[in-house]
Amino acid sequence: MKPANATFAELGTTVFEVMSKLAVDHEAINLGQGFPDTDGPEDVRRVAADAAIRGPNQYPRMMGIDELRQAVAAHEKRFYGLDIDWQSEVLVTSGATEALADCLLGLIEPGDEVVLIEPLYDSYLPIVRRAGGIPRLVRVTPPDWKLDAKALADAFCENTKLVLLNNPLNPAAKVFSSEELQLIADLAIRHDAYAVCDEVYEHLVFDGRPHQPLMTFPGMRERCLKIGSAGKTFSLTGWKVGYITAAAQLLAPVAKTHQFITFTTPPNLQRAVAFGLAKDDAYYRGLAAGMEAKRDRLAGGLAALGFKVMHSAGTYFITVDVRPLGLGNDDVEVCRKLTTEAGVAAIPVSAFYAADAPRHFLRFCFCKSDEVLDEALRRLSAFLHG
Ligand code: PMP
Ligand code: GLN
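All of these numbers come straight from a predicted model, not from anything done at the bench.

So, the site of ligand 1
Near ligand 1 you find 13 residues, and of these T97, D198, Y201, K232 and K240 are the closest. T97 places a polar side-chain atom, nitrogen or oxygen, 2.6 Å from an oxygen atom of ligand 1. In the environment of ligand 1, an oxygen atom lies 2.8 Å from a nitrogen or oxygen atom belonging to the side chain of S229. Within the complex, 93% of the 390 Å² of free accessible area of ligand 1 lies under protein. The site holding ligand 1 turns out to be the largest pocket. In terms of residues, the shell around ligand 1 owes the most to one element, helix α5 (residues 95-107), which gives four residues. Residue composition of the shell around ligand 1, by class: five nonpolar, five polar and three charged.

Here's what the structure looks like:
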């Protein structure tokens, strides 16, 4: 048999699928894959249900239904003061995962260099490579995950086509500071590079900090493609509705990619997300505050058990250092053991590195009910301390 495409054929199954299956097989509490255990707002779901009954249920416009594109533009104005033309500067996608693939496949030419910050979400590298891009990785290191200015500057050169920024950063739960964002913006401008900004956790920033899209920095409006996800903003991860906001010229090749990847996204879900994006500020404040309380509950519990807990400034996640517990030096093995023996699944952070990964960090997801978090802590306590 002739070989399949090597980039994909040689990949393992994504760690999220692997750990969720292991959790189900062993009836473990799943604090691995990032998804809330309660569905998002009932009124949003009701709009989707009604729209499916009422119709139309045929192909919507390729760029997304007008209502949703208008709602995305209004959202960018309301939260960030950005003036976005909904007709030419917003594209609806089937999740942020598709949005990322559209941006990378639509912009990268073989041989282009792409700057990425490690640890990084697992879909990035395979798509960059499939597009023919050459990854240039810059690490942020725990416990403070600070971005090193020199390392970042060294990763850029005249061949840099784009930088891919995930802010807030999964799995580090880091929120980039204004200074770090300015640094990225300066380098993108100096090297005439684009910035693909995966900001799916834009409404999950804690401790009263505002989310700062890179697009709002001077000179970046024309260079950034800002990606959002209704899955995260409305706790409806299975819906897979995403959106890209970018200058018309930059969005055009990305839309050409989208037309042959999915072409469109279910119309009833688009209607419901348009309705959701218009929710009042109290909804958005409540989402962040509710998650912050869960973060504190899980972080406090894990620290009390002896994990070294790193601060979570945003996202659904907490990362911990397992070394104080003497659980071994292989995060994959530790996660397997915790899932099968303690009955609590987590994600090995090494899955977010291309090579030479640190091996003692685990990622726990806290977007679960208080009872589930408490039961997970009880199980971990019984396993670790008998
Ligand atoms: N980017 C990051 C950083 C994520 O954590 C996720 C996880 N869902 C995605 C993109 C994908 O989002 P979606 O489910 O909307 O495709
Ligand atoms: N973004 C989710 C996470 O980090 C997983 C999404 C997926 O399973 N593809 O857990």
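Things to note about the sheet that holds strand β3 (residues 113-118)
One open sheet accounts for seven strands, arranged β2-β8-β7-β6-β5-β3-β4; its pairing is mixed. Two strands lie at the open edges of the sheet, namely β2 (90-93) and β4 (134-139), each paired on one side alone. Here the average twist between neighbouring strands, direction ignored, is 20°. Both β3 and strand β5 (residues 160-166) contribute to a ladder of four bridges, which runs parallel.

Here we look at the site of ligand 2
In the vicinity of ligand 2, the residues found are F16, Q33, G34, Y121, N170, Y201, F317 and R363. R363 places a polar side-chain atom, nitrogen or oxygen, 2.6 Å from an oxygen atom of ligand 2. Grouping the amino acids of the shell around ligand 2 by side-chain chemistry returns four nonpolar, three polar and one charged.

Remarks on the environment of K368
By the secondary structure assignment, K368 is in the loop between β13 (361-365) and α14 (370-385). Given a relative accessible area of 3%, K368 falls into the buried group. Filtering out sequence-adjacent residues up to four positions away, K368 remains in contact with N30, L31, Q33, F35, P36, D37, K294 and L373. Within the structure, K368 has its side chain in polar contact with the backbone oxygen of F35 (distance 2.5 Å).

Some thoughts on the sheet that holds strand β12 (residues 347-348)
Taken together, the four strands give an open sheet; going across it, the order is β9-β10-β13-β12, and neighbouring strands pair in antiparallel fashion. This sheet does not close on itself; its edge strands, each paired only once, are β9 (308-309) and β12. The pairing of strand β10 (residues 317-321) with β13 spans five bridges and is classified as antiparallel. Within the sheet, the bridge partner assigned to F317 lies in β13 and is C365.

Concerning the layout of surface pockets
In this structure, the largest pocket occupies an estimated 1,200 Å³ of space. The element contributing the most residues to the lining of the largest pocket is helix α6 (residues 124-130), with five residues. When the residues that make up the lining of the largest pocket are grouped by side-chain class, the tally is 26 nonpolar, 14 polar and 10 charged. Lining the second largest pocket are 15 residues, with H203, V205, R209, Y284 and A288 sitting closest to its centre. If you list the elements that add at least two residues to the lining of the second largest pocket, you get α4 (66-80) and α12 (281-305). When residues of the lining of the second largest pocket are assigned to their parent elements, the largest contribution, five residues, is made by α12. Residue classes in the lining of the second largest pocket are distributed as seven nonpolar, three polar and five charged.

Comments concerning the packing of aromatic side chains
Tallying each qualifying case throughout the model produces 14 aromatic pairs. Considering the side-chain rings of W145 and F361, the 6.3 Å spacing of their centres and the 50° angle between planes classify their relative orientation as tilted. Residue W145 is located in the loop between β4 and α7 (149-155), and its partner F361 is located in strand β13; the two are separated by 216 residues in the primary sequence. Relative accessible area serves as the criterion here: at 2%, W145 is assigned to the buried category. For F361, a relative accessible area of 5% translates into the label buried.

Definitions and cut-offs
Residues numbered from 1 in each chain as written. Chains lettered and ligands numbered in written order. Predicted model: local features only at pLDDT ≥ 70, side-chain atom pairs only at ≥ 80, totals over all residues. Heavy atoms only, no water. Near = heavy atom within 4 Å. Polar contact = N/O pair within 3.5 Å; in protein donor to acceptor, adjacent residues only side chain to side chain. Areas by Shrake-Rupley, 256 points an atom, 1.4 Å probe, with all protein chains shown as cover. 1 Å grid on protein atoms, 1.4 Å probe; cavity = no way out; pocket = protein on both sides within 12 Å on 5 of 7 lines; lining within 4 Å. Sits in = over half its atoms within 2 Å of the grid points. Helix = DSSP H or I, 4+ residues; strand = E, 2+ residues; numbered from the N terminus. Nonpolar A, V, L, I, M, F, W, Y, C, P; charged D, E, K, R; others polar. Pairing = 2+ DSSP bridges. Axes fitted to C-alpha atoms, helices over the stretch in contact; angles between N-to-C directions. Buried < 20%, exposed > 50% of the residue type's maximum accessible area, 1.4 Å probe, protein only. Contact = heavy atoms within 4.5 Å. Points joined across faces, edges and corners; volume = space filled by probe spheres on them. Phe/Tyr/Trp six-rings, centres within 6.5 Å; stacked < 30°, edge-to-face > 60°.

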